[in-house]
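# Topology and contacts: notes
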Amino acid sequence: MYDCFMQKLIYRKFILGTGGVENRKYLEEALKRGLGGVIFFTRDIDSREQFKDLTARIKSKAREPLFLSIDQEGGRVERTENIHARYLSPKFAYEKGEDFLRIQTEKIAQELKEYGINLNFAPCADVNTNPLNPIIGERAFSDNPEVVSKCVKLVSDIYRKNGIIPCLKHFPGHGDASKDSHLTLPVIDLPLGEMERIHIKPFKDNINAEMVMAAHLHCTCFDNDPIPTSLSQNAIGYLRNVLKYKGVVITDDMVMQGVQAFGSLKACEMAIRAGVDMFIFRDVNAGVLDMIDSLAGRVESDAELRNAVLESDLRIEKLKKERLK
């Protein structure tokens, strides 16, 4: 059986959704056990004051500083539509000019800071090379990697200036996908050279990012077998060892069908072995807490897995100490 120290280290690796009012007791229990962060969705946000009160209340119940996070890209992926009209999607904001993109990003960052948010799962570093892409499209700044690299830097710097941690997504690039990873495991069948020249380039050009989100994609340049890059030792190893990325790697939502074929427990174990640091689960409930506790038990009895967790925790702790004041 795992000890309390290992339980705390494992809970620190998770960012969970609130699960709604009916699951509040499970969120409070996770916070007591050392939960790493909370992610908020449209369902959590009714008004400015209500949302500020919610983040403050959750923060007050936490065992340690929390990543209070959101997906607020602008346009299609935006969580504050109950409060005000949507911002423009990244593509359309950039097409209005860099000044417009800069001003809009400032507004988003200042708004998030007001609500108590300290981590935004943005900007998208995807290069949308597939016009029929069902999931990225206007969420990408451009189909030109140079433009995407430039916009990712601009947006990330504005978030940092306003006390918001940016998270680049979706490594190694979701732009050529023809299927939605929420529904299945998309296949990116491109040679590594093309991936590097186009899709990986914005990540490489912004390798100082505090956090990178790994996608649920099968990239044939990394694995012959249908393993999501979020669980792939080859893909995450490339990010760590070739690109020399030193920051926190987090997965896309682990309930997405692009990864669920492995089951949550096995998938989390595979990801930790690959070098992933943190996980997102959109809901908290009894099943998720049981899974996290089971993972803690596995880690306690496996020296290799335990060492990976200890190494990973240093990256999480470093980011929290530097950015969560």
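The structure displayed is predicted, hence computed values, not measured ones.

With that out of the way, let us pick up the packing of aromatic side chains. The description of two aromatic rings rests on the distance between their centres and on the angle between their planes. Inspection of every chain in the model, using the stated rule, returns 6 aromatic pairs. Consider the rings of Phe 40 and Phe 51, whose centres lie 5.3 Å apart with planes at 80 degrees: the pair is edge-to-face. You can see Phe 40 sitting in strand β2 (residues 37–40) and its partner Phe 51 sitting in helix α3 (residues 48–61), a full 11 residues away along the chain. Phe 40 sits in the buried class, given a relative accessible area of 0%. Each ring, one from Phe 51 and one from Tyr 115, has its centre 5.2 Å from the other, and the planes form 55 degrees; the classification is tilted. You can see Phe 51 sitting in helix α3 and its partner Tyr 115 sitting in helix α5 (residues 98–115), a full 64 residues away along the chain. Here the two residues Phe 51 and Tyr 115 agree in accessibility, since each one is buried. Connected via pairs of aromatic rings, a cluster forms that spans Phe 14, Phe 279 and Phe 281. Lys 96 extends its terminal NZ or CZ atom over the ring of Phe 100, reaching a point 5.4 Å from the ring centre.

The next thing to look at is the nonpolar core. Judged by nonpolar contacts, the single largest core of 87 residues is most densely connected at Ile 10, Phe 14, Leu 16, Ile 58, Phe 279 and Phe 281. The element contributing the most residues to this core is helix α6 (residues 145–161), with 8 residues. Not counting the four nearest positions on each side in its chain, Leu 16 is found in contact with Ala 30, Leu 35, Gly 37, Val 38, Ile 39, Phe 281, Val 284, Val 288, Leu 289 and Ile 292. Ile 15, Phe 121, Met 278 and Leu 324 belong to the second-largest nonpolar core, a separate cluster that totals 17 residues.

Turning our attention to helix α7 (residues 192–199). Looking at α7, one finds that the buried residues are Met 195, Ile 198 and His 199. Down the axis of α7, the sector holding all buried residues measures 90 degrees, keeping them to one side.

About the criteria used
- Residues numbered from 1 in each chain as written.
- Predicted model: local features only at pLDDT ≥ 70, side-chain atom pairs only at ≥ 80, totals over all residues.
- Heavy atoms only, no water.
- Phe/Tyr/Trp six-rings, centres within 6.5 Å; stacked < 30°, edge-to-face > 60°.
- Helix = DSSP H or I, 4+ residues; strand = E, 2+ residues; numbered from the N terminus.
- Buried < 20%, exposed > 50% of the residue type's maximum accessible area, 1.4 Å probe, protein only.
- Lys NZ or Arg CZ within 6 Å of the ring centre and 35° of its normal.
- Core = buried A, V, L, I, M, F, W, Y, C linked by side-chain atoms within 4.5 Å.
- Contact = heavy atoms within 4.5 Å.
- Arc of directions from axis to C-beta.

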